[in-house]
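# Structural characterization, general
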Amino acid sequence: MKIAKIIVDVPSMQTDKPFSYVVPEALETLVAIGMRVHVPFGRGNRLMQGFIVGFESQELVENQGNRLQDLKVIAEVLDFEPVLNAEQLALADKMRETVFAYKISILKAMLPNLLNSSYDKVLTALDPQVASDYFENADEIHFSSLDEVMQATMMKLQREGKVSVRYVAQSKETIKTKKVVSLTNHAQLLALTISARAKKKLAMQTFLQHEPEGKVWDNTELVALFSRDVVKFFIGNGVLTLSDVEVSRSQDYFENIETDTQKTLNAEQKAAYEAIITSQDKPFLLEGVTGSGKTEVYLQVIAHVIDAGKTAIMLVPEISLTPMMTSRFIARFGENVAIMHSGLSDGEKYDEWRKIAAGKAKVVVGARSAIFVPLANIGAIIIDEEHETSYKQDSNPRYHARDIALLRAQYHGAALVLGSATPSLETRARAQQGVYQLLRLTQRANQAAQIPEVRLLDMRKHLNDKSASFSQVMLDKIAEKVSKKEQVVLMLNRRGYSSFIMCRDCGFVPECPNCDISLTLHMDTKTLNCHYCGHTQGIPYTCPNCQSNKIRYYGSGTQKVEEELQELMPEARILRMDVDTTKKKGAHERILSSFGAGQADILLGTQMIAKGLDFPNVTLVGVINADTALNLPDFRASERTFQLLTQVAGRAGRAEKSGEVLIQTFNPDHYAIKLAQTHDYEQFYQTEMAFRRKLAYPPYYFTVQLVISHKNEEITVKKSYEILSLLQAHLTDKARVLGPIAKPIARTHNLYHYQLLIKYRFEDHLADALNDVLDLTQLRENKELRVMIDSEPQNFM
Ligand SMILES: Nc1ncnc2c1ncn2[C@@H]1O[C@H](COP(=O)(O)OP(=O)(O)OP(=O)(O)O)[C@@H](O)[C@H]1O
Ligand SMILES: [Zn+2]
Ligand SMILES: [Zn+2]
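Residues numbered from 1 in each chain as written. Chains lettered and ligands numbered in written order. Predicted model: local features only at pLDDT ≥ 70, side-chain atom pairs only at ≥ 80, totals over all residues.

### Quick word on the pairing of strand S13 (residues 284–288)
Note on strand geometry: in a regular strand, side chains alternate between the two faces of the sheet. In plain terms, the rule: The burial label depends on the number of other C-beta atoms within 10 Å of a residue's C-beta. Counts of 20 or more mean buried, 12 or fewer mean exposed, and intermediate counts mean partly exposed, with C-beta atoms placed from the backbone. Numbering of helices and strands starts at the N terminus; helices are DSSP runs of H or I of at least 4 residues and strands are runs of E of at least 2. DSSP calls a pair of strands paired once it identifies at least 2 bridges connecting them.
The buried fraction of S13 amounts to five of the five residues, a majority that puts the element mostly inside the structure. Neither face of S13 is left uncovered, since the one carrying Phe 284, Leu 286 and Gly 288 and the one carrying Leu 285 and Glu 287 both have all their residues buried. Where S13 lies against strand S18 (residues 415–420), four bridges are found, and the strand directions are parallel. Within S18, the residue paired with Glu 287 across the bridge is Ser 420. The pairing of S13 with strand S19 (residues 437–441) spans five bridges and is parallel. Paired with Phe 284 across the two strands is Gln 437, which belongs to S19.

In structure tokens:
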């Protein structure tokens, strides 16, 4: 009897360990660690998904006090091949120690969505004997319709190459298909007698005779060669089979990209490159000013790794926002690149994942979750813009890609490179201590390019009658650049900022009925939306509070700014890039390539334009509102502001023409803004570190945030104190616990939220404390209580 250890998809403390199940005899030789199965679970024996994480002996089961005859039996094996490998399973064990999420949610995070959602497996016979024996001449059979013995048979046939399997996502509309014909019956082809007068049919018969069985063509291709009727004839006679196949949309990325050759590295780049490819025992921090050629260093490191027969992972903050980066990788490495793009459908992501698992990709370019790809033999992992918060997942499991990268680099003996012009304080501090090796690029790579000059425009003095959003200086400068046929990038900082409506008479601002937050105005849909729970309602024309009709719009969205600017400069061609204009697939790329081709003078957008753009003709960058995020109740507010301003300023003057940057601000004396003006990361680092030390925040202290939520506020508070004392029982008096206090947004989704923040340096029993908290949430009386545990939280709102 074969017994498998299975982690079941029930996120709770009791199920956070493997359960033993009997493997049905028919499947004994086919199951493997890392496959998914369906198993009966709980008293109702409901079928649940699970992962096989090991096998165990009968004696072991009996020694644990279990009777073999009591064990339940695996109901179905879901995979033909393991979907998780040994490295990933070991990684999940390690992550469990620091991420405080249930094992099952960690395992699921490692897989492409398709394998976690509903889909079916469709089998096709590749062998005529198999087709007649098992398929009863049906083209396809659904795996789920088969019994256990037949399933086992199909798995064997698949291994012998006689059956192919394909996962079919349930959401069909996201899949792009094309018609293909395959040569499925050579014998039938030879047996066909065709009249000598049917010239085209004869020609096609001859053509097909020279092709191997199983060969596939695009339907349109054959139709073009022989005509629709002739192709139909062979399909009708059972020689060819017509079917729909999914086409990979990521294929689009590979088209129209010219190949690109390596540049000769300058001295600083060369020194960084040499250090990375020779020593691999320490992670590297590549701190390089904007435009210093970090990307060129990444590309050459990866080229080196590929030459050595290894592979590489390149992480970028949010890949749909960085099409330029993707193109540069494809230009250099062509079909060796796999892209884990958030804009791909689940089916397409699954295709890329399979390409990687099959060893067909050498370089994976992707966002956060790409850190889990089943790439073997990794030689380098690179994290670009390592300070970006998008590397931290803000739902369970709350992992940071940087931490996973460290573990994977260790496992493979790979070089880990963290790159940024404005490293996070945590990373920079580690480099200071020698935990990371610091590599610096201090000059722009393009010899002719200079770091642009930045001017601050004090908006308290620059109030403009003509425009609510722009000072006159800014307007004049934009006009000057447009008249010189140079390009302008304008950023509206949306963080901590939104458009809302308010009654001029009584000051009433509509709020979400479920959340303590004002509703955001969306002009494109003409609605008021809640950004937390998704509530939407129409825009009122009279004040619900005082019936006045003086309802006014406040805050300037990108759309409003665009209209205003267009009115002031009717001749300027403006492109807008924000969530509204980039909803459609490929919209980012279209906007950027049109701007790159000089089809617009001004690119106006939100933060999404701050990263990665490399346009030689951009000579002015304007920031419309620098300070909106400065006053958020978050100890990283200054850091975020400094990083954003430095990034966006770096978009100007990247080639021969020199660049200028204008920043409109109400806080021209704030150090984050002043130091962004002088591009002084070093000074910013020192200043900010002094604050963090004084207030005992990271990187001097580690932090864990607990958010306690319940629909009743009193219970939320009571439970928060209960949890506080649980924690205190384990923590030393050197740890500090802040709170419980209400979260800055105290209620969302009809739940009240309180937070506790643990700040500590060394706590041996922290894990025990947090596991106790998880245990507490499992109690029946706490069924409606939600506790979120977030190690090194990045977001305090
Ligand atoms: N060694 C080199 N010789 C000539 N040009 C180079 C060299 N390295 C990089 N460049 C060019 O300089 C420009 C900036 O380089 P790159 O985009 O790699 O910098 P970066 O540091 O990644 O930029 P950012 O972080 O600001 O997005 C690019 O146009 C790039 O092609
Ligand atoms: Zn009113
Ligand atoms: Zn809401």
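### A closer look at the sheet that holds strand S20 (residues 453–458)
For clarity, the threshold we go by: Angles shown run from 0 to 180 degrees and are taken between the N-to-C directions of axes, each axis being a line fitted to C-alpha atoms and, for helices, limited to the stretch in contact. Any residue pair is listed as a contact if its two C-beta atoms, each placed from the backbone, are within 7 Å.
Spatial ordering of the open sheet is given by S20-S30-S29-S21-S28-S27, a layout of six strands whose pairing is parallel. At either end of the open sheet lies a strand with only one pairing partner, and these are S20 and strand S27 (574–577). For this sheet the average axis-to-axis angle between neighbouring strands, irrespective of direction, equals 15°. Judged from the six bridges that link them, S20 and strand S30 (residues 660–665) form a sheet pairing that is parallel. When the bridges of S30 are listed, Val 454 appears paired with Val 661. Sheet strands touched by helix H18 (residues 558–568): S27 and strand S28 (602–605). Its angle to S27, the strand with the most contacts, is close to 175°.

### Focus on the nonpolar core
In plain terms, the rule: In plain words, the nonpolar core is the set of buried Ala, Val, Leu, Ile, Met, Phe, Trp, Tyr and Cys residues that C-beta atoms within 7 Å link up.
Formed by 120 residues in total, the largest nonpolar core has its most connected members in Ile 313, Met 314 and Val 364. In this structure, Ile 313 is in contact with Val 364, Ala 370, Ile 371, Val 373, Leu 375, Ile 378 and Ile 381, ignoring residues within four places of it in sequence. With 48 residues, the next largest nonpolar core counts Phe 470, Ile 478, Val 488 and Leu 620 among its residues.

### Thoughts on the UniProt feature "binding site: Zn(2+) 1" (unreviewed entry) in the protein chain
Test applied: UniProt positions are given in the numbering used here, feature names are shortened, and annotations may be inferred rather than shown by experiment.
As annotated by UniProt and renumbered to match this structure, "binding site: Zn(2+) 1" (unreviewed entry) occupies Cys 503, Cys 506, Cys 543 and Cys 546. For the residues just named, distributed over 44 residues, the greatest C-alpha separation is only 8.6 Å, placing them together at one site. Look past the residues within four positions of Cys 503 in its chain and what remains in contact with it is Phe 508, Cys 543, Asn 545, Cys 546, Ser 548, Lys 550 and Ile 551. With respect to the helices and strands, the residue Cys 543 is situated in the loop between strand S25 (536–538) and strand S26 (551–554). Among the residues examined, Cys 543 registers 20 C-beta atoms within 10 Å and is labelled buried. Contacts of Cys 543, omitting those with residues within four sequence positions, involve Cys 503, Asp 505, Cys 506, Phe 508, Ser 548 and Ile 551.

### What to know about the environment of Lys 719
In this fold, Lys 719 is placed in helix H23 (residues 713–730). Residue Lys 719 is classed as buried on the basis of its C-beta count, with 23 C-beta atoms lying within 10 Å. Excluding its chain neighbours within four sequence positions, the residues that come into contact with Lys 719 are Ile 708, His 710 and Leu 785.

### Quick notes on the UniProt feature "binding site: Zn(2+) 2" (unreviewed entry) in the protein chain
With numbering aligned to this structure, UniProt lists the feature "binding site: Zn(2+) 2" (unreviewed entry) at Cys 512, Cys 515, Cys 530 and Cys 533. Judged by maximum C-alpha separation, these annotated positions cover 22 residues in sequence but sit close together in space, the widest gap being only 8.7 Å. Residue placement: Cys 512 occurs in the loop between strand S22 (500–503) and strand S23 (520–522). Within the element layout of this structure, Cys 515 appears in the loop between S22 and S23.

### Looking at helix H19 (residues 587–596)
For clarity, the threshold we go by: Starting at the helix axis, one direction is taken to each C-beta atom, and the arc is that of these directions.
Turning to H19, its buried residues are His 588, Ile 591, Leu 592 and Phe 595. Each buried residue of H19 sits inside an arc of 90° when the element is viewed along its axis, so together they form one side. Buried residues belonging to H19 abut helix H13 (323–333), S27 and S28. Two residues or fewer past H19, Gly 598 is found with a positive phi of approximately 75°.

### Some remarks on the environment of Leu 662
In this fold, Leu 662 is placed in strand S30. For the pair formed by Leu 662 and Thr 703, sequence separation is 41 residues and the distance between their alpha carbons is 36 Å. Setting aside chain neighbours within four positions, we find Leu 662 in contact with Arg 455, Leu 457, Val 473, Met 474, Lys 477 and Gly 622.

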